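One letter stands for each residue in the lines below.
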Amino acid sequence: MTRTTCPYCGVGCGVSVADGVPRGDAAHPANFGKLCSKGTALGETLALPGRLVAPTLHGRAASWDEALDFIAARFLRIRADHGPDAIAFYVSGQFLTEDYYAANKLMKGFIGAANIDTNSRLCMASSVAGHVRAFGEDVVPGCYEDLEEADLVIQVGSNMAWCHPVLYQRLMAAREKRGTRIVNIDPRRTATAETADLHLAIASGGDAMLWSGLLAFLAEQDLLDRDWTATHVSGLEESIAAARAAAPSAAFVAAATGLRHQDVIRFYEMFARTERVVTLYSQGVNQSAAGTDKVNAILNCHLATARIGRPGMGPFSLTGQPNAMGGREVGGLANQLAAHMGFSPVEIDRVRRFWRSPAVAANPGLKAVDLFEAVGDGRVKAVWIAATNPADSMPRAAAVREALKKCPLVIVADAWSTDTTALAHVVLPAAGWAEKDGTVTNSERRISRQRAFRAAPGQARPDWWMFAEVARRMGWGDAFAWRGPAGIFREHAALSAFENDGARVFDLGGLTDIDDAAYDALAPLQWPVPRHGSPGPRLFGRGGFPTPDGRARMLALSPRMAASAGDFPLTLNTGRTRDQWHTMTRTGRVARLMAHAGVPTLTLHPQDAAACAATHGALVRVESRHGALVTRAAIDDSVRPGDVFATMHWTDQFSSSGPIDRLVHALTDPVSGQPDLKGTPVRVSAVAECWRGTLLRLDGDDPALGPSAWWAKAPLENGFSFELAGWIALAEEIHAEGKLRKLLQIPADAELLTYSDPRKAIFRYAGIVRGRLAACLFLGPPGADLTGIVLARPLLGRELPAAERVTLLAGVSVTGAAPAGRMVCACFSVSEDRIIAAIRDNGLDSPARIGAALKAGTNCGSCLPEINRLIGAQAPSVVS
Ligand code: SF4
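The numbers attached to residues start from 1 for each chain and follow its sequence in the written order. For a predicted model such as this one, the threshold for reporting local features is a pLDDT of at least 70, and the threshold for listing and counting side-chain atom pairs is 80 or more; totals across whole chains, interfaces and linings nevertheless cover every residue. With hydrogens and water set aside, each side-chain value is computed from the structure's full complement of heavy atoms.

Draft legend 1. View of the overall build of the protein chain. Here a helix means four or more residues in a row that DSSP labels H or I, a strand means two or more in a row labelled E, and each is numbered from the N terminus. Tallying secondary structure elements over the protein chain gives 29 helices and 34 strands in all. Its C-alpha atoms give the protein chain a radius of gyration of 27 Å, near enough to 29 Å, the size a compact globule of 880 residues would have. Seen through its principal axes, the protein chain has C-alpha atoms that stretch 80 × 70 × 55 Å. For every residue, the accessible area (1.4 Å probe, protein chains only) is compared with the maximum for its type, and the residue is labelled buried under 20%, exposed over 50%, or partly exposed between those bounds. Every one of the 880 residues in the protein chain was classed for burial, and the buried ones make up 63%. As displayed, the protein chain has an accessible area near 30700 Å², and 52% of this comes from carbon and sulfur atoms. One way to put it: in the protein chain the 91 positive side-chain charges average out to a point 1 Å from where the 89 negative ones average out. For the radius of gyration, the atoms used are the C-alpha atoms, and the globule rule reads 2.2 Å times the number of residues raised to 0.38. Surface exposure here means Shrake-Rupley accessible area, sampled with a 1.4 Å probe, where a residue is shielded only by the protein chains that are shown. Charged residues are defined here as Lys and Arg on the positive side and Asp and Glu on the negative side; His and the ends of the chain fall outside this count. We put the charge of a Lys on NZ, of an Arg on CZ, of an Asp on CG and of a Glu on CD.

As structure tokens, this is what we get:
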């Protein structure tokens, strides 16, 4: 058995792999054996189709030597001609700490610029900046047990039921035992909000105002911890004065943030009257043009009441990615040097001496948005992108693509081909999750080993090795002569402890001498790990902040609500869905994960939908100042009037809608540089649909329907399903044999079964190749029910029984098999139809009873809010 760590979110669940099958690791202190739907499906992401297995240079196969020599020679030439700042790295929270360390050392210590940034900039840079401003260092003070020991948990901008599911289930289990009350602050009524005792559907951007109001309220009620703050905090009075000026009363806050006065008061009272309070926050706070102020507004309230670093209390930033925290440790952000050190002359000199490097970067480098702007305007002439897909995930994604097209040298290292690898001059095949060794650090500062349990395919290699090999070829081999990740980890630990007299909390001095065997066996542990003693899992309960005077700093903040943007009256919020990860390079290949939300949608409030005549399930056009796309409308009141929501996952590989980030503006937080991914002004209009269709096919290639049609692709166990629609009448020739065969991807000699009813505009086709069903296409008018095609799904790629051949195009089954609907429980593949039938026909009226009958919701529990919603929706019929 191999013990490793899940590669998705910042919960950092332990995984044990036996006989190639990943399961939850019962011994891991983050998850105690639980995995969510994504983690449960890890084994299904390991198949090789689509993997990059050999380097390519200008589109042709190349050897590693050829590719690495080429990169090193070009880097040396560019550095000599244009200086070190003309080279940039854009890396990833999917990196292991050892990958990060090697990349950071090469860029900042030897190339001599600080132009290395990570996609974690898009995820939690505002929390980093907030921590540094308040604590003096980027430190999460609490641990997961605090969620279980709290009496009040406040979730701010966090849909943890979907984005950190296993931790959410730990909270739910604790609530069962101790009656923990939960407040959820989120403009959307998410699955997480639905289970809260109080949901504050705050106007977008209102968090700092709400928390400033809380500080003013606590001061007014004389509920601050004056003794503790007198010893451990500075800036209290200035912060209170600023809070009073910005948010003078609960009534003012309620009016400004769109909340009910009594709800604001209730929240303030709950915080004020409960000592054990944990405030969890994530992307809804961070991904904002005022993200750092929002973080500090939360930290202010915890510092002012000494609710920090003690059991069951503290502010708690949830990181999005598995190793965003590890990247922060090594200096993967352009504004950090290394090991929680910055760019002061003393720190630069210290790191230079430790690395024995010729030229340590003297200044912070370009943050992600600025970095790609510099690529676009020619300041950066070579960029190395690794384990991330900025062509889809960066704001103004179309501009990023244009920048990469103009860049003289684009290197992309990845395990899978993406919309970014398509723009690269050099593609390097990276080892994937199952094949890499190293460490990751989760949201509670817990370092866990990721261990390989199978060989990398083809010529794929770990990222740290690629950076070390390029460094060697640039003439710095001695400084990069590691034999494996253990050596890198030792060096990383030693740097954290180097001349560290306790001024830096991040300290792995106790691991500096770890040998290879001990590194291999390393059990999960939380930092700091100093050479002598350990402060334990919680920090700052007794003060001791890593600032010159040892005090935390409260910030005087002046929050303001954003004004509406004229021609673009709606606010686009982007985020995750339950079963997908990032740009779907892995989770998008798993049929059961894609079955939960199989097409991209834009969620609109019914009022806004009515205003633009959009209807549920029909097409809408979404437009910002940066681009437009067509997608399907989902109309419900989970969003506030004036807000729309789209998931961040879709790409050109999965839908003609492409990435929503094409529309997202590049506004950033002035302190953290984190993009405002949740506040783009947009407008929405209905698209008059002329036809729609569903296509089943063995091949997943773009159906190439042209610019007046929309499509979205989802994998099946045995092929692919495409949803299709168009806003110009289908030309006659689509029904012509040649076109049809191209769309169905069947050869000229394949048998074509046809059913047509031109009067009703209904057409159905099936392609049979050597007796097997190779494709099936149902076309109809707008609103047509095409669900009968799901009966063809199990037959795709299989020999077509004579009886099914007769009924296939009728959309009915001779076996009487019912079509499977949307997937609710991805862990046990339980569809919505089955759950509704169980509620309706068997009177199952609780998640526990449904779990006992169908197993749905009994593993990770991510689907429990949806099961509860289905029970609620069916309640009248159950009673009757
Ligand atoms: S909660 Fe899910 S995605 Fe996150 S680490 Fe655990 S299993 Fe992986």
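Draft legend 2. Representation of the pairing of strand β17 (residues 438-441). Alternating positions in β17 separate into two faces, G438 and V440 on one and T439 and T441 on the other, with burial throughout. In this analysis, strands are considered paired if DSSP registers two or more bridges between them. Across four bridges, β17 lies against strand β18 (residues 446-450) in antiparallel orientation. Bridge pairing in β18 links G438 to Q450. Joining the antiparallel neighbours β17 and β18 is a turn of four residues, in which R445 adopts a positive phi near 65 degrees.

Draft legend 3. Layout of the site of the ligand. If a single non-hydrogen atom of a residue is within 4 Å of a molecule or strand, that residue counts as near it. Around the ligand, the structure places C6, Y8, C9, G12, C13, L35, C36, K38, G39, P165 and V166. Think of a 1 Å grid over the protein atoms and nothing else: a 1.4 Å probe that fits but is trapped marks a cavity, an open set flanked by protein within 12 Å on at least five of seven lines marks a pocket, and residues with an atom within 4 Å of a point count as lining. Here the criterion for a molecule occupying a pocket or cavity is that more than half of its atoms lie within 2 Å of the pocket grid points. With respect to the detected pockets, the ligand is housed in the largest cavity. Mapped onto the shell around the ligand, the elements with two or more residues apiece are α1 (37-40) and α7 (165-178). Charged residues are taken to be Asp, Glu, Lys and Arg, nonpolar residues to be Ala, Val, Leu, Ile, Met, Phe, Trp, Tyr, Cys and Pro, and polar residues to be all remaining types, Gly included. Tallied by class, the residues present in the shell around the ligand amount to eight nonpolar, two polar and one charged.

Draft legend 4. Highlighting the sheet that holds strand β6 (residues 87-91). Taking strand neighbours across the sheet as the criterion, the seven strands line up as β5-β4-β16-β15-β14-β6-β7 in an open arrangement whose pairing is mixed. At either margin of the open sheet sits one strand with a lone partner, and together these are β5 (60-61) and β7 (116-118). Sheet topology note: the β6/β7 ladder contains three bridges and is parallel. Each residue of the ladder has a partner; that of F89, found in β7, is I116. We call two residues in contact when some of their heavy atoms are within 4.5 Å. To obtain each axis, a line is fitted to C-alpha atoms, and for helices this fit is confined to the stretch in contact; angles are then taken between N-to-C directions over 0 to 180 degrees. Contacts between helix α2 (residues 64-82) and the sheet are confined to β4 (56-57), β5, β6, β14 (382-386), β15 (409-414) and β16 (426-429), with β16 contributing the most and set at about 130 degrees to the helix. Lying on the sheet, helix α17 (residues 368-376) is in contact with β6, β7 and β14; it crosses β6 at an angle near 135 degrees.

Draft legend 5. Summary view of the packing of helix α8 (residues 207-220) against helix α12 (residues 261-273). Orientation of α8 relative to α12, taken along the N-to-C sense of each, is 60 degrees, at an axis distance of 10 Å. Here α8 lies oblique to α12, going by the angle between them. Note on packing geometry: the crossing formed by α8 with α12 is right-handed. In this structure, α8 contributes M209, L210, W211, G213, L214, F217 and L218 to the contact, and α12 contributes V264, I265, F267, Y268, E269, F271 and A272. Within the contact of α8 with α12, the residues separate by chemical class into twelve nonpolar, one polar and one charged. Between 65 and 115 degrees an angle is taken as roughly perpendicular, under 35 as roughly parallel, over 145 as roughly antiparallel, and anywhere else as oblique. Two helices crossing with the near one rotated counterclockwise from the far one by less than a right angle form a left-handed crossing, whereas a clockwise rotation gives a right-handed crossing.

Draft legend 6. Layout of the sheet that holds strand β12 (residues 277-281). Spatially, five strands are ordered β10-β9-β8-β12-β13 in an open sheet, and the strand pairing comes out parallel. The sheet is open, and its two edges are formed by β10 (198-200) and β13 (314-317), each paired on a single side. The mean inter-strand angle of the sheet, taken between neighbouring strand axes irrespective of direction, is 15 degrees. Across five bridges, strand β8 (residues 152-156) lies against strand β9 (residues 181-185) in parallel orientation. If you follow L152 over to β9, its bridge partner there is R181. Contacts between α12 and the sheet are confined to β8, β9, β10 and β12, with β10 contributing the most and set at about 120 degrees to the helix.

Draft legend 7. The arrangement of empty space enclosed by the protein in detail. Grid points are joined across faces, edges and corners, and a volume is the space filled by probe spheres set on the points. Applying the stated criterion across every chain, the model contains four cavities of 30 Å³ or more. There is about 80 Å³ of room inside the largest cavity. Taken together, C6, Y8, C9, V11, G12, C13, L35, C36, K38, G39, P165 and V166 form the lining of the largest cavity. Of the residues belonging to the lining of the largest cavity, the class tally is nine nonpolar, two polar and one charged. Each pocket or cavity is described by its volume, and for the second largest cavity that value is around 70 Å³. Lining the second largest cavity, in full, are P600, T601, L629, T631, A646, T647, W650, S657, G658, P659 and I660. At the level of elements, β24 (627-635) and β25 (643-647) are the ones that each hand at least two residues to the lining of the second largest cavity. Here the residues of the lining of the second largest cavity sort into six nonpolar, five polar and no charged.

Draft legend 8. Main features of the nonpolar core. F75, F89, L210, W211, F267 and W384 are the most contacted members of the largest nonpolar core, which totals 188 residues. The element that contributes the greatest number of residues to this core is α8, accounting for ten residues. Excluding residues within four positions of it along the chain, F75 makes contact with I87, F89, I111, A382, W384, L409, I411, V470 and M474. To qualify as a nonpolar core, a set must consist of buried Ala, Val, Leu, Ile, Met, Phe, Trp, Tyr and Cys residues joined through side-chain atoms within 4.5 Å. Of all hydrophobic cores here, the second largest spans 43 residues; its members include L52, L404, C612 and L663.

Draft legend 9. View of the side chain of H665. Here H665 lies in the loop between β25 and β26 (680-686). Not counting the four nearest positions on each side in its chain, H665 is found in contact with P395, R396, H626, D676, G679, T680 and P681.

Draft legend 10. Quick peek at the packing of aromatic side chains. Note on aromatic pairs: the rings of Phe, Tyr and Trp (six-membered ring only in Trp) are paired at centre separations within 6.5 Å, and the planes decide the class, stacked below 30 degrees, edge-to-face beyond 60, tilted for the rest. Per the counting criterion, the structure on display carries 30 aromatic pairs. Plain terms: the ring middles of F217 and Y268 are 5.4 Å apart, the flat faces sit at 45 degrees to each other, and that makes the pair tilted. Here the residue F217 occupies a position in helix α8, and Y268 occupies one in helix α12, the gap between them amounting to 51 residues. Both residues of the pair, F217 and Y268, count as buried. Residues W384 and F467 carry aromatic rings whose centres are separated by 4.2 Å and whose planes lie at 25 degrees to one another, so their mutual orientation is stacked. Of this pair, W384 sits in strand β14 while F467 sits in helix α20 (residues 463-476); the two residues are 83 residues apart in sequence, bridging distant segments of the chain. When its relative accessible area of 0% is taken as the criterion, W384 is described as buried. Here the aromatic cluster, defined as three or more aromatic residues joined through ring pairs, consists of F75, F89, F95, Y100, W384 and F467. Lysine NZ or arginine CZ positioned within 6 Å of the ring centre and within 35 degrees of the ring normal marks a charge as sitting over the ring. The ring of F645 has R188 lying over it, and the distance from NZ or CZ to the ring centre is 3.5 Å. Directly above the aromatic system of F654 lies the positively charged group of K713, at a separation of 5.4 Å from the ring centroid.

Draft legend 11. The side chain of E469, seen in detail. Within the secondary structure, E469 is located in helix α20. Reaching out from E469, the side chain makes a polar contact with the side chain of R473 at a distance of 2.4 Å. Polar contact is defined as a pair of N or O atoms within 3.5 Å, subject to the rule that within protein one atom must be able to donate a hydrogen and the other to accept it, and that residues adjacent in sequence are counted only when both atoms are side-chain atoms.

Draft legend 12. Local environment of the environment of A802. Checked against the element boundaries, A802 lands in helix α26 (residues 802-807). As for A802 and G771, which are separated by 31 residues in sequence, their C-alpha atoms are 10.0 Å apart.

Draft legend 13. Structural context of helix α25 (residues 737-744). Inspection of α25 places L740, R741, L743 and L744 among the buried residues, and these make up the whole buried set. The arc that holds the buried residues of α25, viewed along the axis, is 160 degrees, so those residues lie on one side. Projecting away from the buried face of α25 at angles above 90 degrees are the exposed residues G738 and K742. At its buried positions, α25 is contacted by β27 (691-697), β30 (751-757), β31 (762-769) and β32 (772-780). An arc is given here, and it is the one of the directions from the helix axis to the C-beta atoms.

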